[in-house]
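The chain contents come next:
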Amino acid sequence: MSYWLMKSEPYSYSIQDLKRDKRAFWDGVRNYQARNFMIQDMKIRDKVLFYHSNGKPSGIAGLARICKKAEVDKTAFDKKSKYYDQKASPENPRWKAVTVEFVQIFPHFISLSDLRKEKTLKDMLLLKKGQRLSIMPVKKKDYDYIVKMSKKQM
DNA sequence: GCCAACGTTGGC
DNA sequence: GCCAACGTTGGC
């Protein structure tokens, strides 16, 4: 079992949207490191912290779970898509994405500044300077700690 | 909207 | 294979 953090801009796709849809294909990732995590490392039932980036404020909004292994991301072939990549084609798809399913919205949203206040979490990749990955691994102990934080008022 | 930090591209 | 130029991310 592995643990992950996946970022999404709430204006484009929020955890409330995921709750409504139940499942979402995580298309649009155009970073190799993030893609490789999805293709090589994510397993069905892996747990996911759903992060709202560029939010007011940014932070962790809830939980999701991997429910389908990586499949070809066809938005890369679609000229009208904002995720269009002219170097991708059905013969050489280049991009793949997993499907995630809704688990829960946190009773208390955990902002980035809340996370920074926790000494225990100081080594999280998310909190490292200049770190911009939209999908990143999370340690079990950090995942568990964050779930615990979500249950109490900050 | 700004801008630091980082990733990608392409010329050489 | 280097690296400058450019594009993107994402916090603020």
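A. Representation of the nonpolar core in the model. Counting 42 residues, the largest nonpolar core has W26 and I135 as its most contacted members. Mapped by element, the contributors of at least two residues to this core are β1 (3-8), α1 (15-21), α2 (32-41), β3 (47-52), β4 (59-72), β5 (96-111), β6 (135-138) and α4 (140-150). Among the elements that line this core, the one with the most residues is β4, at six residues.

B. Up close: the environment of E101. Tracing the backbone shows E101 in strand β5. Residues E101 and E91 lie 10 residues apart in sequence; the distance between their C-alpha atoms is 28 Å. Excluding residues within four positions of it along the chain, E101 makes contact with L18, K22, R23, A64, R65 and C67.

C. Main features of the sheet that holds β1. Spatially, the six strands line up as an open sheet ordered β2-β5-β4-β3-β1-β6, and their pairing is mixed. Each having just a single partner strand, β2 (23-25) and β6 make up the two edges of the open sheet. Averaged over all pairs of adjacent strands, the angle between strand axes in this sheet comes to 35 degrees, irrespective of strand direction. With 10 bridges joining them, β4 and β5 adopt antiparallel strand pairing. If you follow K68 over to β5, its bridge partner there is T99. Sitting on the sheet, α4 touches β1, β3, β4, β5 and β6, and the angle it makes with β5 is about 45 degrees.

The rules behind these values
- Residues numbered from 1 in each chain as written.
- Chains lettered and ligands numbered in written order.
- Predicted model: local features only at pLDDT ≥ 70, side-chain atom pairs only at ≥ 80, totals over all residues.
- Heavy atoms only, no water.
- Core = buried A, V, L, I, M, F, W, Y, C linked by side-chain atoms within 4.5 Å.
- Buried < 20%, exposed > 50% of the residue type's maximum accessible area, 1.4 Å probe, protein only.
- Helix = DSSP H or I, 4+ residues; strand = E, 2+ residues; numbered from the N terminus.
- Contact = heavy atoms within 4.5 Å.
- Pairing = 2+ DSSP bridges.
- Axes fitted to C-alpha atoms, helices over the stretch in contact; angles between N-to-C directions.

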